[in-house]
Amino acid sequence: CNAWVVSLSKYTILNLPDGNSEDVQMFVEIPSSARATDEASFTFTAESHDDSTANAEINVTSTVNTVYNQNVESSTVPTMYPGTSNQFNVTIINSGNGVESYKISEGYNVPSDWKFDDTLTFETQALNPFGGTETFSIPFEVPQDENPGYYNFSFDVKLSSSGIKVDSIDLSVKVEY
């Protein structure tokens, strides 16, 4: 893969006595467009200046780590009245370097009788790296007998592959008569 840049800390070692060794560091610059688990292999050969039959090779494989990064955006909801319905619109952008899907589930203090359980847990499609996007709606209904006030709650955003929480969506709804 010629987009990967490799350099060594030393290219020449002079007057190395028989039986001794010298450390050489290898530096690999991986292109920013590399995807999770991409890899490249390199072969390095050391050869004696005075005796070309004295040589050694080492093969090195460098693998790209998975980088998880996402942006989560949600809409706001105006004042609600008991017995009315609305929805939160959510957009998730996968800014990482691997294909990933996300699960949206109840987080903290979610009103139990607002019918969120009809749509949660929600799972996105597998989003491509470097900008794969999905927009979806989470509908809800304020019960007819709900008390007025501010209702602050959150949804959790988790990686589908591991269940690790990577973000939360903090929401607030004002209910009045």
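One can find the structure itself at the top, above this paragraph.
Attention in this report is confined to the structure presented alongside it. Because the structure is a prediction, the values reported are computed rather than measured. (Residues numbered from 1 in each chain as written. Predicted model: local features only at pLDDT ≥ 70, side-chain atom pairs only at ≥ 80, totals over all residues. Heavy atoms only, no water.)

The next point concerns the packing of aromatic side chains. The geometry of two aromatic rings is summed up by the distance between their centres and the angle between their planes. Following the criterion strictly, the structure yields 12 aromatic pairs and no others. With a centroid separation of 6.1 Å and an interplanar angle of 80°, the aromatic rings of tryptophan 114 and phenylalanine 153 are classed as edge-to-face. Taken together, the positions of tryptophan 114 in the loop between strand 7 (102-106) and strand 8 (122-123) and phenylalanine 153 in strand 10 (residues 149-159) put the pair 39 residues apart, joining distant regions of the chain. By the burial criterion, tryptophan 114 is buried, and phenylalanine 153 matches it. An aromatic cluster of at least three residues, connected via ring pairs, comprises Phe88, Trp114, Phe116, Phe140, Tyr151, Phe153 and Phe155. (Phe/Tyr/Trp six-rings, centres within 6.5 Å; stacked < 30°, edge-to-face > 60°. Helix = DSSP H or I, 4+ residues; strand = E, 2+ residues; numbered from the N terminus. Buried < 20%, exposed > 50% of the residue type's maximum accessible area, 1.4 Å probe, protein only.)

Assignment of secondary structure puts glutamate 134 in strand 9 (residues 132-141). Here glutamate 134 is buried and forms no salt bridge, its nearest opposite-charge partner lysine 103 lying at an N-O distance of 14 Å. Reaching out from glutamate 134, the side chain makes a polar contact with the backbone nitrogen of glutamine 125 at a distance of 2.7 Å. (Lys, Arg positive; Asp, Glu negative; His and termini not counted. Salt bridge = Lys/Arg side-chain N within 4 Å of Asp/Glu carboxyl O. Polar contact = N/O pair within 3.5 Å; in protein donor to acceptor, adjacent residues only side chain to side chain.)

Here 4 strands make up an open sheet; going across it, the order is 8-7-10-11 and the pairing antiparallel. Edge positions in the sheet fall to strand 8 and strand 11 (165-175), since each has one partner strand and no second. The pairing of strand 7 with strand 10 spans 5 bridges and is antiparallel. Bridging across to strand 10, tyrosine 102 finds its partner in leucine 159. (Pairing = 2+ DSSP bridges.)

Considering the arrangement of structural elements, one finds histidine 49 in the loop between strand 3 (39-47) and strand 4 (55-63). For the pair histidine 49 and phenylalanine 27, spaced 22 residues apart in sequence, the C-alpha to C-alpha distance is 24 Å. Of the polar contacts made by the side chain of histidine 49, one reaches the side chain of aspartate 50; its length is 3.3 Å.

Before going further, it helps to spend a moment on the layout of surface pockets. When its volume is computed, the largest pocket comes out at roughly 1,000 Å³. Ile13, Leu16, Val24, Ala46 and Glu47 are, among the 30 residues lining the largest pocket, the residues nearest its centre. Secondary structure elements with two or more residues in the lining of the largest pocket: strand 3 and strand 4. Here the element with the most residues in the lining of the largest pocket is strand 4; it accounts for 5 residues. Partitioned by chemical class, the residues of the lining of the largest pocket number 14 nonpolar, 10 polar and 6 charged. (1 Å grid on protein atoms, 1.4 Å probe; cavity = no way out; pocket = protein on both sides within 12 Å on 5 of 7 lines; lining within 4 Å. Points joined across faces, edges and corners; volume = space filled by probe spheres on them. Nonpolar A, V, L, I, M, F, W, Y, C, P; charged D, E, K, R; others polar.)

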